[in-house]
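Architecture and fold: a report
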Amino acid sequence: MHQDWIWGLVGGLMIGAGAGVYLLVNGRIMGASGIIGGLIDGSGRDTVSERVAFLGGLIAVPPLLVPLYKVVDTHVTNSIWVIVAAGLLVGLGTRLANGCTSGHGVCGISRFSLRGIVATAFYLLGGGLSLVIFRHLLGVI
Amino acid sequence: MRNFFAFLSGGLFGAGLLVAGMVDTKKVQGWLDVFGDWDPTLAFVLTGAVGVMFFVWMVAQRREKSYLGSPMPGAFPRLVDRNLVLGSLLFGAGWGLAGLCPGPAMGSLSFNGWQGWLFIIAMGVGMAVAPRVKDWLSILDRTTLEVPPCENIPEEERALARNTPRAAVR
């Protein structure tokens, strides 16, 4: 369990480094939902190649490291309806709020952005309530 | 060059998510499940990432341009509004439901089975309808603005509030 925390911190430092490169070198905020959303709704049509390159790295690099581990189990649910509902909520919510855990959380909190801090408070609240309702009250997850 | 560093940044982000165990939906849900078997790992991940970015912002704020010459992102002009709060609540609900948010969902796509792809497709649909939902919400604003007649607001401002869709301001 202690090891999980240490690896969490190490991984966090790497995530911060990734966000740092994107900010200092490319001059952009590393927000996963914004980078994807801009491709989907067309608002990022001037920066398509940069967005695609970022997502390419994000998708292609983790599987290269997977062999270092005995097992990488994502424990993802098998319920189609849970996945569809979760995906729709995440997609709609992050675009309404203009950010997710990486943009509002990592990049926003670190610059003491009020929007980032408030967004983080509310998505943590939403996530906590979701677990209370869907796991403890309804028992669907 | 921009694309190379964007790829590098995405790669570091993805590798960090894997190393931190954040591709594991059980650990993410464990963090959100305060009344169950609580798992604090995510707090360490966020602390590490925010810690690095705190110093990066100190450097960034002294620069007018990025190392590749593009302008740095400015201060956020917009304050807390309904879309921020409502959107974050909805996002959080979905995050808790499946234990996936956009970054890890992308990072684990290659080893997350059909579930990972289905999640990305559903998320894409959610993102595609979001601009329309924003417009509906701003129509709601305009109607509520006009219901109680307020004499103190000058006519030009009322006209502005009626005629400017949120999409144009954005």
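Computed from a predicted structure; not experimentally measured. (Residues numbered from 1 in each chain as written. Chains lettered and ligands numbered in written order. Predicted model: local features only at pLDDT ≥ 70, side-chain atom pairs only at ≥ 80, totals over all residues.)

1. Quick word on the interface of chain A and chain B
Accessible area lost upon the coming together of the parts serves often as the stated size of an interface. Put simply, the rule is: By definition, residues are in contact whenever their C-beta atoms, placed on the basis of the backbone, come within 7 Å of each other. Only DSSP runs of H or I with at least four residues qualify as helices, and only runs of E with at least two residues qualify as strands; both kinds are numbered from the N terminus onward.
The interface of chain A with chain B comprises 99 residues on the first partner and 104 residues on the second. Every element with two or more residues in the side of chain A that touches chain B is listed here: helix H1 (2-24), helix H2 (32-40), helix H3 (48-65), helix H4 (80-97), helix H5 (101-109) and helix H6 (114-137) of chain A.

2. Examining the UniProt feature "transmembrane region" (unreviewed entry) in chain B
Residues and elements named next belong to chain B. Selection rule: UniProt positions are given in the numbering used here, feature names are shortened, and annotations may be inferred rather than shown by experiment.
Here the UniProt-annotated "transmembrane region" (unreviewed entry) positions come out as residues 41-60, 80-98 and 114-133. Between the first and last C-alpha atoms of residues 41-60 the distance is 28 Å; the span itself is 100% helix and 0% strand. Counted over residues 114-133, helix gives 100% and strand 0%. Its end C-alpha atoms are 28 Å apart.

3. Considerations on the environment of Phe-7 of chain B
Following the sequence through the fold, Phe-7 of chain B ends up in helix H1 (residues 2-20). Residues contacting Phe-7 of chain B, with those up to four places away along its chain left out, are Ala-53, Phe-54, Gly-56 and Gly-57 of chain A.

4. Comments concerning helix H4 (residues 82-98) of chain B
All names here are of chain B. To keep it simple, the criterion reads: Here a helix's expected span is defined as the number of its residues, less one, multiplied by 1.5 Å. Neighbour counting defines burial: a residue surrounded by 20 or more other C-beta atoms within 10 Å of its own C-beta is buried, one with 12 or fewer is exposed, and intermediate counts give partly exposed, using backbone-placed C-beta atoms.
Compared with the 24 Å implied by 1.5 Å per residue over 17 residues, the 25 Å span of H4 between its first and last C-alpha is a close match. Counting buried residues along H4, 14 of its 17 residues qualify, which places the element largely inside the surrounding structure. Taken from the residues just after H4, Gly-99 is the one with a positive phi, measuring 75°.

5. Here's the deal with the UniProt feature "transmembrane region" (unreviewed entry) in chain A
Residue and element names in this part refer to chain A. Mapped onto the present numbering, the UniProt feature "transmembrane region" (unreviewed entry) falls on residues 6-25, 52-72, 78-97 and 117-138. Between the C-alpha atoms that bound residues 6-25 there is a distance of 28 Å. The span itself is 95% helix and 0% strand. Along residues 117-138 one finds 95% helix and 0% strand; the C-alpha atoms at either end are 30 Å apart.

6. Considering the confidence of the model for chain B
Which entries qualify depends on this criterion: Per-residue confidence from the predictor is reported as pLDDT, which spans 0 to 100.
Mean pLDDT over chain B: 88, with 82% of residues reaching 70 or higher. With pTM at 0.88, the complex prediction returns an ipTM value of 0.96.

7. Things to note about the packing of H6 of chain A against H4 of chain B
The condition is simple: All axes are obtained by fitting lines to C-alpha atoms, using only the stretch in contact for helices, and the reported angles, taken between N-to-C directions, cover 0 to 180 degrees. Note on terminology: angles under 35 degrees are roughly parallel, angles over 145 are roughly antiparallel, angles of 65 to 115 are roughly perpendicular, and the others are oblique. Left-handed describes a crossing whose near helix is turned anticlockwise from the far helix through less than a right angle; right-handed describes the clockwise counterpart. Amino acids outside the nonpolar list (Ala, Val, Leu, Ile, Met, Phe, Trp, Tyr, Cys, Pro) and the charged list (Asp, Glu, Lys, Arg) are all regarded as polar, and Gly is one of them.
The contact between H6 of chain A and H4 of chain B brings their axes to 6 Å, and the two run at 40°. Looking at the two axes, H6 of chain A sits oblique to H4 of chain B. Note that H6 of chain A runs across H4 of chain B; the crossing there is right-handed. Per-class residue counts for the contact of H6 of chain A with H4 of chain B are 17 nonpolar, six polar and one charged.

8. Side note on the nonpolar core
Our working rule: What makes a nonpolar core is a set of buried Ala, Val, Leu, Ile, Met, Phe, Trp, Tyr and Cys residues, with links drawn between C-beta atoms within 7 Å. Domain ranges listed in this record stem from an automatic or a database domain assignment.
The biggest cluster of nonpolar side chains holds 81 residues, and the ones touching the most others in it are Ala-19, Ala-86 and Leu-89 of chain A together with Ala-49 and Phe-119 of chain B. At 11 residues, H1 of chain B tops the list of elements feeding residues into this core. Each of domain 1 (1-76) and domain 2 (79-169) of chain B gives at least three residues to this core. Those residues in contact with Ala-86 of chain A that lie beyond four places of it in its chain are Gly-94, Leu-97, Ala-98, Leu-100 and Phe-119 of chain B.

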